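Per-entry structural report
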Amino acid sequence: MKPVHILFEDNHLLVVEKPVNIPSQEDATGDPDLLTLLKEDIKIRYNKPGNVYLGLVHRLDRPVGGAMVFAKTSKSASRLSENVRNRSLHKQYLAVVHGAPPAMRGKLVHHLLKDVRTNIVSVVPKGTRDAKEAILDYEVLGSQDQMSLVRITLHTGRPHQIRVQMNTIGCPLIGDQKYGAHLNKPGQQIALWSYELGFPHPVTKEPLLFHSSPPDMFPWNRWSELHV
């Protein structure tokens, strides 16, 4: 595979563009994962003996690409994890969905429950045991050919959250084999991209903001402004 594109690196942080179809961390498939690949890359680039520390702060689903931050020290990992908990780690995504949401912009609040056995997440009534609240804001940036380009700001980071919530309002993501299989072709790539990532630097407290553009291919290339 190609080298992973680095968006930013210092002694405390590593911000990269996660390639699609690579797990964020080791999973049951045993396929190469991003965390291990980045550790090996740091070991080689800096000629480090022994194990390399790299902390996983948040995850992207395997088929999803885009901006992702890792911590290079345990102190940074702790502070970034606190940013995730207190929602000061700002995450914005781009998605292409089937159809069009009922309004040009809105807030979605659902309660989600993950079935660990099947790895399927469902919307359930509030108060359901083990269910977690999921909140996002969306804005429709454009619609054509029965598709819409949507910008999504996540306020919670639940498994499969964007995919499940958009499907629940009748707009499954293009290419989503799990929550939109009835509309998507087998093997089609999911149209979900981690577009913007912002947080205070864990040591200097300086506000940091990173962008990653989706690839210039279907369905993203239907919106030329993404690739100027």
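First, a word on what this report is: a plain description of the structure on this page. None of the values given here were measured: they were computed from a predicted structure.

To continue, consider the overall build of the chain. Summing up its helical and strand segments, the chain has three helices and 11 strands in all. Beginning at the N terminus, the succession of helices and strands in the chain can be written as β-β-α-β-β-α-β-β-β-β-β-α-β-β. Relative to a compact globule of 228 residues, whose C-alpha radius of gyration would be 17 Å, the chain shows 18 Å and is just as compact. Relative to its full complement of 228 residues, the chain shows a buried share of 43%. At a minimum sequence separation of 6, the contacts of the chain that also span at least 24 residues come to 60%. Counting only carbon and sulfur atoms, one obtains 52% of the accessible surface of the chain, whose full area is about 11900 Å². Between the averaged position of the 28 positive side-chain charges in the chain and that of its 22 negative side-chain charges there is a distance of 5 Å.

Of note, H110 is situated in strand β6 (residues 105–115). Of the residues examined, H110 reaches a relative accessible area of 14% and is grouped as buried. Among residues more than four places away in sequence, those in contact with H110 are V123, K132, E133, A134, Q165 and T168.

Within this model, the largest pocket holds a volume of roughly 1400 Å³. Considering the residues around the largest pocket, the lining is formed by 49 residues, among which R59, D61, R158, P159 and H160 are closest to the centre. Only α2 (74–85), β5 (90–98), β6, β9 (147–154) and α3 (161–168) provide two or more residues apiece to the lining of the largest pocket. By residue class, the composition of the lining of the largest pocket is 16 nonpolar, 18 polar and 15 charged. Each pocket or cavity is described by its volume, and for the second largest pocket that value is around 480 Å³.

What follows concerns the packing of aromatic side chains. On inspection of all chains with the given rule, the structure shows two aromatic pairs. Relative to F210, the ring of F199 has its centre 6.0 Å away and its plane inclined at 40°; by these criteria the two rings are tilted. Taken together, the residues span a long stretch of sequence, with F199 in strand β10 (residues 192–200) and F210 in strand β11 (residues 207–211) at a distance of 11 residues. F210 shares its class with F199; the two are buried. Grouped by ring-pair contacts, the aromatic residues F8, F199 and F210 constitute a single cluster.

It is worth spelling out the pairing of strand β8 (residues 132–144) at this point. Pairing analysis gives eight bridges linking β6 to β8, with the strands arranged antiparallel. Bridge pairing links G106 to Y138 in β8. Here eight bridges tie β8 to β9, and the two strands are oriented antiparallel to one another. Along β9, the bridge assignment pairs E139 with R151.

This brings us to helix α1 (residues 34–45). With 12 residues, α1 should cover 16 Å at 1.5 Å per step; its first-to-last C-alpha distance of 16 Å lies within 8% of that length. Listing the buried residues of α1 in full gives L34, L35, L38 and I42. Each buried residue of α1 lies within a common arc of 95° when the element is viewed along its axis, so the set occupies one face. Measuring from the backbone nitrogen of L35 back to the side-chain oxygen at the start of α1 gives 3.3 Å, which picks out D33 as the cap. Remark: N47 follows α1 within two positions and exhibits a positive phi of approximately 50°.

The rules behind the values
- Position numbers for residues start from 1 in each chain and track the written sequence from start to end.
- At least 70 in pLDDT is required for a residue's local features to be given in this predicted model, at least 80 for side-chain atom pairs to be given and counted, and no such filter applies to totals for whole chains, interfaces and linings, which use all residues.
- Computation of side-chain values: all heavy atoms of the structure, hydrogens and water removed.
- Runs of E in the DSSP output that reach at least two residues are strands. Runs of H or I that reach at least four are helices, and both are numbered from the N terminus.
- Between the two quantities, the radius of gyration covers C-alpha atoms and the globule rule is 2.2 Å times the number of residues to the power 0.38.
- Per-residue accessibility, obtained with a 1.4 Å probe over protein chains only, is compared with the maximum for each type, and a residue is labelled buried under 20%, exposed over 50%, and partly exposed between these values.
- Contacts: residue pairs with any heavy atoms within 4.5 Å of one another.
- For the area figures, the Shrake-Rupley method with a 1.4 Å probe applies, and any residue is considered shielded solely by the protein chains shown.
- Positive residues here are Lys and Arg, negative ones are Asp and Glu, while His and the chain termini are left out of the count.
- A charge is said to be at NZ when it belongs to Lys, at CZ for Arg, at CG for Asp and at CD for Glu.
- The way it works is a 1 Å grid over only the protein atoms, where trapped points that fit a 1.4 Å probe form a cavity and open points with protein on both sides within 12 Å along at least five of seven lines form a pocket, and then any residue with an atom within 4 Å of a point lines it.
- Grid points are joined across faces, edges and corners, and a volume is the space filled by probe spheres set on the points.
- Ten residue types, Ala, Val, Leu, Ile, Met, Phe, Trp, Tyr, Cys and Pro, are classed as nonpolar, four, Asp, Glu, Lys and Arg, as charged, and the remainder, Gly among them, as polar.
- Centre distance within 6.5 Å is the pairing criterion for rings of Phe, Tyr and Trp, where only the six-membered ring of Trp is used; planes under 30 degrees apart are then read as stacked, over 60 as edge-to-face, and the remainder as tilted.
- Two strands make a pair as long as DSSP finds a minimum of two bridges between them.
- Helices are assigned an expected span. That span is 1.5 Å times one less than the residue count.
- This arc is taken over the directions from the axis of the helix to the C-beta atoms.
- For this analysis, a polar contact is any N or O atom pair within 3.5 Å, provided that within protein one partner can donate a hydrogen and the other can accept it, and provided that sequence-adjacent residues contribute only side-chain to side-chain pairs.

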